[in-house]
Amino acid sequence: MTAYILAQQLVNGVVLGAIYGLIAVGYTMVYGIMGMINFAHSEIYMLSAYLSTIVLAVLVYWGIQSPLVLILLTLGVAMSMTALYGWVIERLAYRPLRDAPRLAPLISAIGISLILQSYAVLTQGAKTKGIPTFIEGVTRFGDAVNNVQISNIQVLILIIALCSMVALNFIIQHTAFGQACRATQQDRGMAEILGINTDKVISLVFVIGSAMAAVAGLLVTMNYGSFDFNIGFVMGVKAFTAAVLGGIGSLTGAMLGGIILGVSESLFAGLVNSDYKDVFAFSLLVIFLIFRPSGLLGKPEVEKV
Amino acid sequence: MQQHRLRTLSVLLFSLGLSQFSFAADTLKIGVGVPLTGRNAAFGDQIFRGAQQAAEDINAAGGVDGKKIELIKGDDACEPKQAVSVAQRFVEVDKVQAEIGHFCSSSTIPATEVYAEAGILAITPGSTNPKVTERNLPTIFRACGRDDQQGKVAAEYMVNKLKAKKVVLVHDKDTYGQGIADSVRTNLQKLGITESLYEGLTRGEKDFNALVTKIKALNPDAVYFGGLYNEAGLLVRQLREQGVKAAFIAGDGIVSEDFVTAAGGKQFSQGVYMTFGADSRKLPSGKAVVEKFRKAGFEPEGYTLYAYTAMQAIAAAVQGTKSTDGMKLSKWLKANTVSTVMGDKAWDEKGDLKVTDYVMYQWDNNGKYAEVAP
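Residues numbered from 1 in each chain as written. Chains lettered and ligands numbered in written order. Predicted model: local features only at pLDDT ≥ 70, side-chain atom pairs only at ≥ 80, totals over all residues. Heavy atoms only, no water.

Draft legend 1. Inspection of unusual backbone geometry at higher detail. In the segment running from Gly 101 of chain B into His 102 of chain B, the intervening peptide bond is cis, with an omega of 0°. As for its position among the elements, His 102 of chain B is in the loop between β3 (98-101) and α4 (105-118). (Helix = DSSP H or I, 4+ residues; strand = E, 2+ residues; numbered from the N terminus.)

This is how it looks when you write it as C-alpha cells:
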C-alpha cells in the first residue's frame, strides 16, 4: 500500500463527501427550523438532474459552446426551477399541516417524494439518461505508475461546495434574513410575536435548500454522466446520514458529516472490502451517536418550558 | 340521486365482469412478468415487445388451437417481492394458462415457485442463473443459456485470447451478478488462474472510485463484471477516467444500448467485451420478424427474439397437446423440437435448451456491438 493510493482514496472520499454535504444542507436547514425531516428533498435533487440535462440540451442547441457559460446558465435555470418546486411543495404539503401532530408532515413528505418519483417516470420514462462529457482533463501528481489524480470536474465540485457553504453561512450569520431564521429556529411563537413573518422565513428556507439540491444534481450528473429517476433514494439516505452525523440543524456540520461519511466509505472500500463499506459507515454512525447523540456540531436538545 | 348513481355503477361493473367471463373461454391467456419500471426497464421493454409481436403474428395466422392469445402484463420492477405478487396475481386473479418471464434471476427464482405449484408452464427468456432450472420444477423452462456456460466462454476468452494473467472479478451482490462472477471464477481456476480481487459493489450507487483506485493499484490485465448495464456503465467509465486500461468483460446483463448511456458516452463503452448468444437477428429463420420490428421503429436487440421464441414454444405446445395443463405441455416440450424465429429449439429434462451458443461480442466506437471473430 503506497502513500499514493491512500492519497487517491482520500481524494475520492472528499469529493464524494462534498456531494453528500451539498444535499445534507437541505435536510439540516429544514430540520433546524421546523424540526421535521423533509423526505422529498432527495427527489428534488433527482428532478434537478433531469432539469439540468434539459436546460443543457436547449443551450447547446442554441449554439452556446463555452463550458463555463453553459454551467452557469444551467445552474441558474435549474436552481430557480427547483427553488420553485421547493416553494410549491412547502405551500401545498407542509404549510396546511403546520399545527398538526409531528407525524402528519412526515407522512406528507413521504407522499410528495413518491409523487415526484412517479412524475419523473411518467414524463421522462424509466430509462437511464446520460449527458455527454463537456469538461475533460485531469491533473496528475506523481509519475506514470504511482500517481494521484483529480479531474477538473472534481475540482469544480470542491470549489462549488466550498463557495456554497461560505455563502450560506454568511447568509445565516450576517443578514437580517439569517437573523430571522435563527430566531424562528429558537422559538417560532416568540419570533412571530416579535413581528417576524415565520411563514415567509420557512418558505425561503425551502427555496434555499432546494436550490442547493439543484447544485448537487448538476454536479453529480456531470461527474458520473448518467442518472435515472431512482437516484434520489440512495443519495437521500446517505445525505440524511451525513446531516445527522454532523449534528442536524448545523450547516457546517452537514458538510463536515458528508466528508467524514465519504472518506470513511472510501477508505474502507479501498483498504478493506467494498462489499461491506455501507455496513462499516453505518456502524460508525451508530457508535458515534451512542456517545454523542446530537452529532458533531449539533447542540444538545433543550426542552422548551 | 346518489343511490341511483351507485346502482347504475354497480350494474355497469357487474356487466363488465360478465363480459370478461365470456371472453375467457376462447382466449389463451399468457402472462408476461418483467421489469417494466425501475432501473432495468430496458430489458422488460425488449421482452414485452418480443412477446407482443409473437402474439400478434400468431393471432393473425388464426391463433392457437382455435384460440386467440391474450397477453397480460405484470411489472416486477426486478424486485423479488414484487415478482412473487405478480406471479400470485397471474395465477389467482388473471388465471393465466402459461407465463413468459421473469427477467432478473433473483425475481425468476421465487416467482417460478408460484407457477410450478399451480402447474403452469413458465418460460423465462432471459434468466441465466443455473438455479432457475436446477430445482426439479417440471413446468419451468428457459429460452436462453446458463451462466455456467456463459462464464466458461468468458474465462476461456480472457485466458486464451486476451492472454490475461491478472484478473479482477467484480459483481453486484445480486443472484445473477454474483452467480456469473462465481462461474467465471471457477472456470478461471480450471485454467490455472486465481483472481487478484473478488469484490461486490452496491446496486443503485454512483460512485465506485474507491474500488477503482484499488483495482488500479493491482494493475490487472482484465476486469470482469457480473451485473447489469447501469453499474457496468458507471464502473467502466470510472475505470477509464482513472486511467485503467485493462480489458473490461461482462455478461449478457449489459446487452442493451442503454449501457452506452449509463457509461455516459461511446468513448467509455468502446472496446468493452460481453458474452451473449450468437446474434439471432442474423439467422435466416428470423429475417421476416426482424424486418417487422425494424419497420415499427424498434431494434429487436438483446432478449426481444428470445421472448418471441418463448411465445412460439408455448403456442406449439398448446397446439400439439390440445391442452393448457402445465405437466402435459412440459412433457410435450421435452419430447419435441419447436421451429422458432431463432431456429429449431429443443429442451432437456431440466428445462434447459439442449444447444446453446454463447459467443464473445465487443462494443465499437459507434455505441453498437458486434460478434468478435473467433
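Draft legend 2. Quick look at the pattern of salt bridges. Residue and element names in this part refer to chain B. Enumeration according to the criterion identifies 29 salt bridges over all chains in this entry. The shortest N-O distance in the salt bridge between Lys 350 and Glu 134 comes to 3.0 Å. Residue Lys 350 is located in the loop between β12 (343-346) and β13 (358-363), and its partner Glu 134 is located in the loop between β4 (121-124) and β5 (140-142); the two are separated by 216 residues in the primary sequence. Assessed through its relative accessible area of 40%, Lys 350 is described here as partly exposed. On the basis of relative accessible area, Glu 134 is assigned to the partly exposed category, the value being 38%. For Asp 172, the salt bridge goes to Arg 203, with nearest N and O atoms at 3.4 Å. (Salt bridge = Lys/Arg side-chain N within 4 Å of Asp/Glu carboxyl O. Buried < 20%, exposed > 50% of the residue type's maximum accessible area, 1.4 Å probe, protein only.)

Draft legend 3. Structural view of the confidence of the model for chain B. Residue and element names in this part refer to chain B. On average, chain B scores 90 in pLDDT, and the residues at 70 or more come to 93%. Here helix α1 (residues 2-24) stands out as the least confident element of chain B, with mean pLDDT 50; strand β8 (residues 222-226) is the most confident, with 97. Contacts of residues 15-24 to residues separated by more than four positions or lying in other chains number zero contacts, the stretch itself having pLDDT below 50. (pLDDT = per-residue confidence, 0-100. Contact = heavy atoms within 4.5 Å.)

Draft legend 4. Here's a closer look at the interface of chain A and chain B. Facing the 40 residues of chain A at the interface are 36 residues of chain B. Taken over both partners, the interface formed by chain A and chain B buries close to 2800 Å², and the fraction arising from carbon and sulfur atoms is 45%. The interface formed by chain A and chain B holds three salt bridges in total. Here Lys 277 of chain A ties to Glu 205 of chain B by a salt bridge, and the two come within 2.5 Å at their closest N and O atoms. Our count for the chain A to chain B interface comes out at 18 residue pairs in polar contact (both at pLDDT 80 or more). Counting only elements with at least two residues in the side of chain A that touches chain B, the list comes to α1 (3-34), β1 (129-130), β3 (147-151), α8 (198-224), β4 (226-227), α9 (231-246), α10 (251-271) and α11 (277-291) of chain A. It is α1 of chain A that provides the largest number of residues to the side of chain A that touches chain B, a total of five residues. Residue composition of the side of chain A that touches chain B, by class: 14 nonpolar, 17 polar and nine charged. (Buried area = accessible area lost by both parts, 1.4 Å probe. Polar contact = N/O pair within 3.5 Å; in protein donor to acceptor, adjacent residues only side chain to side chain. Nonpolar A, V, L, I, M, F, W, Y, C, P; charged D, E, K, R; others polar.)

Draft legend 5. Quick look at the pairing of strand β11 (residues 337-340) of chain B. Residues and elements named next belong to chain B. Side chains of β11 alternate between two faces, with Val 338 and Thr 340 buried and Thr 337 and Ser 339 left unburied. By the bridge criterion, four bridges tie β11 to β12 in an arrangement that is antiparallel. Among the inter-strand pairings, Val 338 is bridged to a residue of β12, identified as Lys 345. Connecting the antiparallel pair β11 and β12 is a turn made up of two residues. (Pairing = 2+ DSSP bridges.)

Draft legend 6. How the structure looks around the side chain of Asp 278 of chain A. The topology assignment puts Asp 278 of chain A in helix α11. Look at Asp 278 of chain A and you get buried, because its relative accessible area is 18%. Excluding residues that lie within four positions of it along the chain, Asp 278 of chain A makes contacts with Lys 238 and Glu 265 of chain A together with Thr 202 and Glu 205 of chain B.

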